[in-house]
Amino acid sequence: MNDRMTTPWGERVLARFPEDPRDRLRAWDASDEYLLRHLADRQVPLSGTVVVVGDRWGALVTALAEHRPAQITDSWLGQEATRANLARNGVGPGAVRLLTTQDPPPERIDVLLVRVPKSLALLEDQLLRLAPAVHGDTVVVGTGMVKEIHTSTLNLFERILGPTRTSLAEKKARLVFCTPNPASVRPDNPWPYRYTLPGDVGPVSGRTVVNHAGVFCADRLDIGTRFFLKHLPAGPEGGRVVDLGCGNGVLGTAMALADPRAEVLFVDESFQAVASAEATHRENGAPGHAEFRVGDGLSGVPAGSVDLVLNNPPFHSHQATTDATARRMFAGARRALRPGGELWVIGNRHLGYHVQLRRLFGNSRVVASDPKFVVLRAVRR
Ligand SMILES: C[S@@+](CC[C@H](N)C(=O)[O-])C[C@H]1O[C@@H](n2cnc3c(N)ncnc32)[C@H](O)[C@@H]1O
């Protein structure tokens, strides 16, 4: 859906990525508008290096493009949306520097705008990474919806950068004002986290998982993933396996350890996730050929080239978009699999993935189930 956001810098046409005609969700929210209004009303000087962290679909950098900001994001989809939104609004590709959370941050930051991320851990990691570039005169303003800004959020700004206060709420959004104190002693960055897996999870029993900030279940093994690890397929010997939505890469690493001849492709739309998967794979000295790719599901994977896809689809964010993501992942798997190839999916029982699989593949079998989870298998005919 294309839509128009009115900003103090003019109107911007914005869309999410990938564009989905059934998805009526806008590519910005009241917290983006509040921040932009504040910057204009208070005539905040947008000179020097302007850095925007966590801009969801690029609304902020598209509005502020004339100030040549840098954007830092963990989301490949967010970065693609930004590219498309800049082009849509006639902004040349050089005007905004597109950085990921894994790139070295700018050396000096004069204006730091933070769209508060859903993950507090990601905020902690990002503020700690950016803090050395912040100086006593850096303008730091955060923004988010009221329900996303907690005392713990403010404490992070305070602990890492300096004294912090919030604005009044407007349209359920709130701003965060932080005055950097270069003399304050910053805590060490605890990320990435490592944890040891339990002894009952097959080939990865007792192994270590590496998690960069913000990845799914970064500080403990998800109970669904644990259940899946206990029921993984023996695997096509020497086959091509995809860990789709790999997170920390524990599923693909288990397959690689079980079959040294397997070729495993790890895919996620989060830069932090793919970096974690690579680190987990390396940490465990997993044999065989592995590839690590940031992207949207299986797009770019040739049709009929894959023997096995493992998938624990995302289910946390907005229901409409997550259903769509699972559907797109299943459809992508059907296209990427060779005839006879298999998609194995774990999900909460109530999500009803078997209905979607049956519709797409014409079959779906329960491999294992407990009161909460079900592992399903669909075969490409
Ligand atoms: C429920 S987590 C599963 C992580 C890991 N496989 C596990 O079982 O612990 C779902 C993962 O899908 C990723 N994801 C969401 N949308 C995606 C997309 N369009 N393409 C690829 N990965 C995506 C998320 O970043 C997240 O890491």
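Just so you know, these numbers come straight off a predicted model, no measurement behind them.

Participant: Help me out: how do you make sense of the overall build of the protein chain in this one?
Facilitator: Counting secondary structure elements, the protein chain contains 10 helices and 18 strands. For the protein chain, the C-alpha atoms occupy an extent of roughly 60 × 45 × 40 Å along the three principal directions. Counting across all 381 residues of the protein chain, residues that qualify as buried make up 55%. A separation of at least 24 residues holds for 68% of the contacts in the protein chain among residues at least 6 apart in sequence. For the protein chain, the accessible area works out to roughly 16,400 Å², and carbon and sulfur atoms hold 50% of it. Between the averaged position of the 46 positive side-chain charges in the protein chain and that of its 40 negative side-chain charges there is a distance of 5 Å.

Participant: Would you mind showing me how to read the site of the ligand here?
Facilitator: In the vicinity of the ligand there are 19 residues, among which Gly 245, Asp 268, Asp 296, Gly 297 and Asn 312 approach most closely. At 3.2 Å from a nitrogen atom of the ligand is found a main-chain nitrogen or oxygen belonging to Glu 269. Computed on the free molecule, the ligand has an accessible area of 600 Å², of which 91% lies beneath the protein chains in the complex. A per-class count over the shell around the ligand returns 7 nonpolar, 8 polar and 4 charged.

Participant: Looking at this structure, I do not really get the domain arrangement of the protein chain. What am I missing?
Facilitator: By a widely used convention, the size of an interface equals the accessible area lost when the partners come together. Split into domains, the protein chain comes out as domain 1 (3–178) and domain 2 (193–379). Here the C-alpha centre of domain 2 lies 31 Å away from the C-alpha centre of domain 1. On the side of domain 2, 16 residues touch domain 1, which itself brings 19 residues to the contact. Taking both sides of the interface into account, the surface hidden between domain 1 and domain 2 amounts to around 1,400 Å²; carbon and sulfur atoms contribute 61%. Looking only at domain 1, the three residues that lose the most surface to domain 2 are Asp 74, Trp 76 and Gln 102, adding up to 39% of its buried area. The tally of links from domain 1 across to domain 2 stands at 0 salt bridges. Of all elements in the fold, only helix H3 (76–88) and helix H4 (120–130) reach the threshold of two or more residues within the side of domain 1 that touches domain 2. Per-class residue counts for the side of domain 1 that touches domain 2 are 6 nonpolar, 7 polar and 6 charged.

Participant: Would you take a moment to explain the packing of H4 against helix H5 (residues 151–160) for this structure?
Facilitator: To describe two helices that pack against each other, one gives the angle between their axes and the distance between the axes. One way to put it is that H4 packs onto H5 with a least axis distance of 10 Å and a crossing angle of 15 degrees. One finds that H4 runs roughly parallel with respect to H5. With respect to the hand of their crossing, H4 and H5 are arranged in right-handed fashion. Within the contact between the two elements, H4 uses Leu 120, Leu 123, Glu 124, Leu 127 and Leu 128 and H5 uses Ser 152, Thr 153, Leu 156, Phe 157, Arg 159 and Ile 160. The residue inventory of the contact of H4 with H5, partitioned by class, reads 7 nonpolar, 2 polar and 2 charged.

Participant: Even after reading the chapter, I still don't get the nonpolar core, so can you show me in this structure?
Facilitator: Nonpolar side chains in soluble globular proteins tend to be buried together. Among the nonpolar cores identified, the biggest contains 34 residues, and Met 5, Leu 35, Leu 36, Leu 39, Leu 46, Leu 64 and Leu 113 are the most heavily contacted of them. Counting residues per element, this core draws most heavily on helix H1 (residues 30–41), at 5 residues. Each residue touching Met 5, except ones within four places of it in the same chain, is listed here: Gly 10, Glu 11, Arg 12, Leu 14, Trp 28, Glu 33, Leu 36, Ala 59 and Ala 63. One finds Tyr 195, Leu 221, Ala 254 and Ile 346 within the second-largest nonpolar core, a separate group that totals 31 residues.

Participant: Explanation requested: the sheet that holds strand S7 (residues 134–145) in the structure shown.
Facilitator: Neighbouring strands of a sheet are bound in pairs by backbone hydrogen bonds; such pairs are parallel or else antiparallel. In space, the 7 strands of this open sheet follow the order S5-S4-S3-S6-S7-S9-S8, with mixed pairing throughout. The two strands at the open ends of the sheet, each matched to only one other strand, are strand S5 (97–100) and strand S8 (164–166). Pairs of neighbouring strands in the sheet enclose a mean axial angle of 20 degrees, with direction left out of account. In this structure, strand S6 (residues 109–115) lies alongside S7, joined through 6 bridges in parallel fashion. Paired with Arg 115 across the two strands is Thr 143, which belongs to S7.

Participant: I keep staring at the environment of Asn 311 and nothing clicks. Help me out?
Facilitator: You can see Asn 311 is positioned in strand S15 (residues 306–311). The class of Asn 311 is buried, set by a relative accessible area of 0%. In sequence terms Asn 311 and Leu 251 are 60 residues apart; their C-alpha atoms lie 8.8 Å from each other. Every residue in contact with Asn 311, bar those within four places of it in the chain, is listed here: Phe 228, Leu 244, Met 329, Phe 330, Leu 343, Trp 344, Val 345 and Ile 346. Within the structure, Asn 311 has its side chain in polar contact with the backbone oxygen of Leu 244 (distance 2.9 Å).

Participant: Help me out: how do you make sense of the pattern of salt bridges in this one?
Facilitator: Pairing of side chains with opposite charge becomes possible as their charged atoms draw close. All chains considered together, the criterion is met by 20 salt bridges. Measuring nitrogen to oxygen at the nearest pair gives 3.1 Å for the salt bridge that ties Lys 230 to Asp 200. Here the residue Lys 230 occupies a position in the loop between helix H6 (223–229) and strand S12 (240–244), and Asp 200 occupies one in the loop between strand S10 (193–196) and strand S11 (208–211), the gap between them amounting to 30 residues. For Asp 200, a relative accessible area of 34% corresponds to the partly exposed category. Between Arg 261 and Glu 237 there is a salt bridge, with its nearest N and O atoms 3.0 Å apart. Of this pair, Arg 261 sits in the loop between helix H7 (250–258) and strand S13 (263–268) while Glu 237 is found in the loop between H6 and S12, placing the two residues 24 residues apart along the sequence. This pair shows no difference in class: Arg 261 is exposed, exactly as Glu 237 is. It is possible to trace a salt-bridge network through shared partners that takes in Asp 29, Arg 56, Arg 115 and Glu 148.

Cut-offs applied
Residues numbered from 1 in each chain as written. Predicted model: local features only at pLDDT ≥ 70, side-chain atom pairs only at ≥ 80, totals over all residues. Heavy atoms only, no water. Helix = DSSP H or I, 4+ residues; strand = E, 2+ residues; numbered from the N terminus. Buried < 20%, exposed > 50% of the residue type's maximum accessible area, 1.4 Å probe, protein only. Contact = heavy atoms within 4.5 Å. Areas by Shrake-Rupley, 256 points an atom, 1.4 Å probe, with all protein chains shown as cover. Lys, Arg positive; Asp, Glu negative; His and termini not counted. Charge placed at Lys NZ, Arg CZ, Asp CG, Glu CD. Near = heavy atom within 4 Å. Polar contact = N/O pair within 3.5 Å; in protein donor to acceptor, adjacent residues only side chain to side chain. Nonpolar A, V, L, I, M, F, W, Y, C, P; charged D, E, K, R; others polar. Domains from an automatic or database assignment. Buried area = accessible area lost by both parts, 1.4 Å probe. Salt bridge = Lys/Arg side-chain N within 4 Å of Asp/Glu carboxyl O. Axes fitted to C-alpha atoms, helices over the stretch in contact; angles between N-to-C directions. Parallel < 35°, antiparallel > 145°, perpendicular 65-115°, else oblique. Left-handed = near helix turned anticlockwise from the far one by under 90°. Core = buried A, V, L, I, M, F, W, Y, C linked by side-chain atoms within 4.5 Å. Pairing = 2+ DSSP bridges.

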